[in-house]
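Reading the structure
Here is what each chain is made of, one letter per residue.
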Amino acid sequence: MKVTLNILLAVAVIVMGYICYGSIMDPIEFKKEREKREEAIIARLIDIRKAQIEYKNIHGEHAGSFDDLAKFLNEEKLPFLIKEGVLTDEQLESGMTEQEAVKKGLIKRDTFWVTAKDTLFGRDFSAEQLRMVPMAPKPVQFKMDTVTLTSGSGYVIKVFEAAVPYDDYLGDLDAQQVYNLKDKAEKLDRYAGLRVGSLTEINNNAGNWE
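Quick summary incoming for the structure in this document.

**Some details on the pattern of salt bridges**
- Applying the stated criterion across every chain, the model contains 12 salt bridges.
- Residues Glu-33 and Arg-37 are paired through a salt bridge, measuring 2.8 Å at the closest nitrogen-oxygen approach. Note that Glu-33 and Arg-37 are positioned in helix H1 (residues 2-59) at a spacing of 4 residues, about one turn of the helix.
- Classification of Arg-37 as buried rests on a relative accessible area of 7%.
- Of the charged contacts in the structure, one is a salt bridge between Asp-183 and Lys-187, with a shortest N-O distance of 3.0 Å. Of this pair, Asp-183 and Lys-187 both sit in helix H7 (residues 175-187), 4 residues apart, which is roughly one turn of the helix.
- When salt bridges with common partners are traced through the structure, they connect Glu-33, Lys-36, Arg-37 and Asp-172 into a single cluster.

**Overview of the environment of Val-196**
- As for its position among the elements, Val-196 is in strand E5 (residues 193-197).
- Looking at Val-196, the relative accessible area reads 0%, which means it is buried.
- When the C-alpha positions of Val-196 and Leu-45 are compared, they lie 6.4 Å apart, and in sequence the two are 151 residues distant.
- Setting aside residues up to four positions removed in sequence, Val-196 forms contacts with Leu-45, Arg-49, Phe-160, Glu-161, Ala-162, Asn-205, Ala-206, Gly-207 and Trp-209.

Reading the values: the criteria
- Residues numbered from 1 in each chain as written.
- Predicted model: local features only at pLDDT ≥ 70, side-chain atom pairs only at ≥ 80, totals over all residues.
- Heavy atoms only, no water.
- Salt bridge = Lys/Arg side-chain N within 4 Å of Asp/Glu carboxyl O.
- Helix = DSSP H or I, 4+ residues; strand = E, 2+ residues; numbered from the N terminus.
- Buried < 20%, exposed > 50% of the residue type's maximum accessible area, 1.4 Å probe, protein only.
- Contact = heavy atoms within 4.5 Å.

Shown next, in the form of structure tokens:
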């Protein structure tokens, strides 16, 4: 009887230890996985911002959809400057400009027109994948939209927003941890997920992680 009791006590201790260990480690493992996913997502959101800024430079407004953004990246061309040679200290001190140096053949500056994708990201970049949330448990796209806002001083400014909520990229992880994140965001009046730009405020295309 005593041996059986000791065995039961030992098992109970092991179970309690496992439970305690799990309660300590689960938040840590959740945080590690969340940070890994968010690192990839933030990099993608930065790419979206980069593409949208260039689209607006050309068209005067942001792309209203990822189809428009992908078409811009794949089909429209931007100037790409090839530089050969730089002005020497002596030339700079003499007041020589780059334009003068080019005319004299001292340096070369050639402009080529290449697709926006190649200019901004390189040939291997996939414009079609820009819309997809990386490392999400199932295929899901960023939510993106554009609006026109008026600043406090009366300036009309076109803005965009690309975002993904916690549920879309953390939904397969611990439900309580995800709930805690959403609850905290709600109490702080913040977006419950990752977002670049904003449809409600003029924030210079900032990301909410910055």
